[in-house]
Amino acid sequence: MANEHGQKWDRCLADSAVKIATGLGVGIVFSVLFFKRRTWPVAFGSGVGLGMGYSNCQQDFRSPYQLHGHRVKVSKSNTS
Amino acid sequence: MLRVCLKGANSAARKCLCGNGVPLHPLQQCRSYTSGGSGSSAGKIVAASVLTMGGGVGGTILYANWDPKFRANVEKSIPYSDQVFGLALGPAAPPPVINKPRKVEPVQISSMSEVWKDSKQPKAKEVQRKAEQPDAEGPPAPAPQETLEEASAQVAQILSAIGEVPSVPAPGTHEAEAVPPPAALKGVPAAAAKCTECEHEPAVKERPEGEVAARLAEQDKAEQDLLTSLSSNLEDALGSTAKVTLQAIGAQEAALQAIAQHTRQLREAMEAEAPPDKKSTQWRVLEDALSERSRSVDEAGAAVLKAKAELDKLRGVIDGAKHLKIAAARPSILAAEENLHSMVVDLDSVVTRVQTAQSEAKIVSQYSELVNEAKAQFQKELNSITPEIQANWKGLRKLTQDDLNSLIAHAHRRIDQLNRELAEQRVREQIHIDSALEQQKLEDKKALEVAISTALEHNREQMRLEQEKKVEETREVMEAEMRTQLRRQAAAHTDHLRDVLKVQEQELRSEAEEILNSSLMEKETEYRRLTQDQLDSFTLDMNAAYARLKGMEEAIDSHVIAEEEARKAHQLWLSVEALNYTLKTAALNDPTEPLEGAVQAIKESCAEDEFAQALATALPSESLSRGVYSEASLRARFYTIRQLARRVALIDETRNSLYQYFLSYLQAMLLFEKAQEAPPAKLSAEDLDTFKLLSYAAYSLEHGDLELAAKLVNQLKGESRRVAQDWLKEARLTLETKQVVSLLSAYANAVGLGTTMAP
């Protein structure tokens, strides 16, 4: 259990890095291909990557606390 | 009406309220206006309602006066209406009273006769006799029936007093009850007096047969005696009376004879013309006859008187006998009465015959007197004419012619006179005959009357005697019938007695049997109890001996067991020591060896010891399979945990975003707490802070109190708790194992101590 924290951080960071890199890459590609080498798709892509990474990281850290709700269908009984 | 008033009041109030600043006068005005305006109509309404109610009430009262049922209904339905009606109309008429006709039960003659037969006879007889005396005034013919009724009434009274037969004395079937009821009333107090005596007797006792028979015999004897005395009396009286009467009759006959003789002689003397000397003898004879006749008549008269006296005496005796009222004497009484009657009749007839003879004789004597008178007259005349020729007819031859002529003339004159007288007499004959006839008629009538009265008397007497005879006959018939009924009753009574006796016998028998059974049962239970007691004492002794034997055996066994126990304890202790040793084999960061083997050994060594078994099984499976960490390793691990927990101190369910993580990291960097802080005895709310808890736990760990440290770490919340979970689990395991092991060793020590025997 104590290691989990560390493992989470590792995962999180790795994942974020990957996402940022990917975003960056996609941004570069888009910037080159569609947006006439402007910088904003790159920033945008890396931002998207960062955001996704951040969100994933948060989700990962929140996972023990998240409640998974189930919709319970109430059946009509005679005694009610 | 009330609503109207209220409305008026409301409108007035409203107006008053509306005109708040308006002075009082218009207020009053408006009030009076409202009351006045609606007052007249309200008054009308009030008057109308009062009238209606009064009319209703008055109508109700009037109708109730007329119809009592309606009145009753109203009184029932409306509570106080009966009082109102009472005031107005007076009390209601009470319902008509129905008199139940008094039922009079007829006397149960059967039971009465039963009682008569059984035991109440002397008293009843006495009562009967007492009651009979006031009955003497009643007519003798219904007397016997009346006495029966009387007696029945008395007996019924006695019975009702005792309470056997609830009957009322019968009112009687006879009409001639006017006399007996007062007699009965007179007799009832006597009977009541007798009844009080009867009541003192406890119950109707059945007198024994012999006694009853003796009593009956006594009574019969008494009756017989009385009867014999009575009959003897009657006979004597009858005899004497008959004698006297016969005497009287004889005397009368003699008188009759004398009279007849005298008359005959007189007639003869009258008619026969005998010579004077014979005449004188005749006359003397006649005188004798006359004297004889007078004497005999006197005698006859005296005899008749005596006979009459005797007859009266006899009548008195008969009446006395009748007073005694013995049934058996009745025929003799009747016979005596008949005799009396016949004697009276004879006497009367003889007396009448004598009287007729006497009347005849009177005629003849009158005739003789007349003749004598005529003769005397003639003699006187003759004497007057011829004084010298006196008494002797003998000197008739010496008479001279003159004398003879004068005599003849006198005789002729006399003849003429007599012829004249005869003629006169013939003329007066008719008148005389008529007067004589009249006289005779009168006399005849008188005689007829007398004869009629006597005949009537005789007839009456005859009829009375006949009636009495008839009564006697019917009485005998009834007596016979009653006897048969009584016999029947007696038979029924004996049957009933037999049945009752049988039932009683049954009851008594069953009672005796019951008593016998119960006493038998008692004796049996007593016997059983004694035997049981004996058995119990014996069993007790046996049990005691057995118990002692058992005790000895048990002592020996317990010795054996104790030794066994000691061995076991020793074994246990050894195995626990092995376990302890195993626990010590923990390396710094590795757990101990699995405790399974040692636990197994323990389990084997104390196979029968439940406590040890339980404890052995209470070890957590993790410790068995994997082993536990030592305290030192846990201590070491704690510090890493502490760091981590510090870092995630802010994270919990609500705050768990990455930003919170960043903040929490910042806090951990910037917050400085004591590395070790002594935990207080009680944790307050502010002590539940993560950092404080961690420092407390560190302190307790440094001082070797793993348990407290685990407790404190358990108070962490949120993410810090989650990261410390692992460590906590390990700490728990260790603690558990240690606890169980310490228990086991303590137990083994205790057992060992317990099993060591003092030298």
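Residues numbered from 1 in each chain as written. Chains lettered and ligands numbered in written order. Predicted model: local features only at pLDDT ≥ 70, side-chain atom pairs only at ≥ 80, totals over all residues. Heavy atoms only, no water.

Draft legend 1. Examining the overall build of chain B more closely. In terms of regular secondary structure, chain B is built from 20 helices and 0 strands. Sequence-distant contacts, at least 24 apart, represent 71% of the contacts inside chain B between residues at least 6 apart. Summed over its atoms, the accessible surface of chain B is roughly 49,600 Å², and 59% of this surface lies on carbon and sulfur atoms. (Helix = DSSP H or I, 4+ residues; strand = E, 2+ residues; numbered from the N terminus. Contact = heavy atoms within 4.5 Å. Areas by Shrake-Rupley, 256 points an atom, 1.4 Å probe, with all protein chains shown as cover.)

Draft legend 2. Structural detail: the nonpolar core. In this structure, Phe638, Val713 and Trp727 of chain B are the most contacted members of the largest nonpolar core, which totals 31 residues. Going through the elements one at a time, helix H2 (40-62) of chain A together with helix H16 (631-647), helix H17 (658-670), helix H18 (690-702), helix H19 (706-714) and helix H20 (718-755) of chain B are the ones with two or more residues in this core. Here this core gets 6 residues from one element, more than from any other, and that element is H18 of chain B. Within the second largest apolar cluster, 29 residues are counted, among which are Val297, Ala307, Leu311 and Met343 of chain B. (Core = buried A, V, L, I, M, F, W, Y, C linked by side-chain atoms within 4.5 Å. Buried < 20%, exposed > 50% of the residue type's maximum accessible area, 1.4 Å probe, protein only.)

Draft legend 3. Seen up close, the pattern of salt bridges. Residues and elements named next belong to chain B. Applying the stated rule across the entire model yields 31 salt bridges over all chains. Note that Glu424 is salt-bridged to Arg428, the shortest N-O span being 3.1 Å. Of this pair, Glu424 and Arg428 both sit in helix H12 (residues 401-583), 4 residues apart, roughly one helical turn. You can call Glu424 partly exposed: its relative accessible area is 39%. (Salt bridge = Lys/Arg side-chain N within 4 Å of Asp/Glu carboxyl O.)

Draft legend 4. Structural view of the state of the cysteines. Residues and elements named next belong to chain A. Here the structure, examined in full by the defined rule, presents 1 disulfide over all chains. Each disulfide pairs two cysteine sulfurs, and for Cys12 the partner residue is Cys57, the sulfurs being separated by 1.2 Å. For the disulfide bridge between Cys12 and Cys57, the dihedral angle about the S-S bond is near -110°, and by the sign convention the bridge is left-handed. With a gap of 45 residues between them, Cys12 in helix H1 (residues 2-33) and Cys57 in helix H2 connect regions that are remote in the sequence. The two residues Cys12 and Cys57 agree in class, both being buried. (Disulfide = S-S within 2.5 Å.)

Draft legend 5. Broad picture of the packing of aromatic side chains. Within the structure shown, the criterion is met by 12 aromatic pairs over all chains. Their ring planes at 55° and their centres at 4.5 Å tell us that Phe35 of chain A and Trp40 of chain A sit as a pair that is tilted. Overall, Phe35 of chain A belongs to the partly exposed group, its relative accessible area being 29%. Overall, Trp40 of chain A belongs to the partly exposed group, its relative accessible area being 42%. Aromatic pair Tyr63 of chain B and Trp66 of chain B: ring centres 5.8 Å apart, planes at 40°, arrangement tilted. Placement of both Tyr63 of chain B and Trp66 of chain B in helix H2 (residues 24-66) is noted, with a separation of 3 residues, approximately one turn of the helix. When its relative accessible area of 37% is taken as the criterion, Tyr63 of chain B is described as partly exposed. Judged by relative accessible area, Trp66 of chain B falls into the exposed class, the value being 68%. Grouping aromatic residues by their ring pairs yields a cluster made of Trp9 and Phe61 of chain A together with Tyr661 and Tyr665 of chain B. Seen from the ring of Tyr629 of chain B, Arg637 of chain B lies directly overhead, with NZ or CZ sitting 5.7 Å from the centre. (Phe/Tyr/Trp six-rings, centres within 6.5 Å; stacked < 30°, edge-to-face > 60°. Lys NZ or Arg CZ within 6 Å of the ring centre and 35° of its normal.)

Draft legend 6. Fine view of the UniProt feature "transmembrane region" (unreviewed entry) in chain A. Annotation from UniProt places "transmembrane region" (unreviewed entry) at residues 16-35 of chain A. As annotated, residues 16-35 of chain A comprises 90% helix and 0% strand, and the C-alpha atoms at either end are separated by 25 Å. (UniProt positions renumbered as here; feature names shortened; annotations may be inferred.)

Draft legend 7. Looking closely at the environment of Thr690 of chain B. Residue and element names in this part refer to chain B. One can find Thr690 in helix H18. By relative accessible area, which is 10% here, Thr690 ends up buried. Through-space distance from the C-alpha of Thr690 to that of Arg646 is 7.2 Å; in sequence the pair is 44 residues apart. If we ignore the near neighbours within four places in the chain, the residues touching Thr690 are Ala645, Ala649, Leu716 and Ser720.

Draft legend 8. Structural detail: the interface of chain B and chain A. Facing 18 residues of chain B, the contacting portion of chain A comprises 13 residues. Taken over both partners, the interface formed by chain B and chain A buries close to 1,400 Å², and the fraction arising from carbon and sulfur atoms is 62%. Looking at the side of chain B facing chain A, the largest losses of area belong to Asn656, Leu658 and Arg722 of chain B, adding up to 45% of the total buried there. At the boundary of chain B with chain A, the tally comes to 1 salt bridge. Residue Glu4 of chain A is joined to Arg722 of chain B by a salt bridge in which the shortest nitrogen-to-oxygen separation is 3.1 Å. On inspection of chain B and its partner chain A, the count reaches 7 residue pairs in polar contact (both at pLDDT 80 or more). Breaking the side of chain B that touches chain A down by element, the ones donating at least two residues are H16, H17 and H20 of chain B. By residue number, the principal contributor to the side of chain B that touches chain A is H20 of chain B, which donates 6 residues. Class assignment for the residues of the side of chain B that touches chain A results in 9 nonpolar, 4 polar and 5 charged. (Buried area = accessible area lost by both parts, 1.4 Å probe. Polar contact = N/O pair within 3.5 Å; in protein donor to acceptor, adjacent residues only side chain to side chain. Nonpolar A, V, L, I, M, F, W, Y, C, P; charged D, E, K, R; others polar.)

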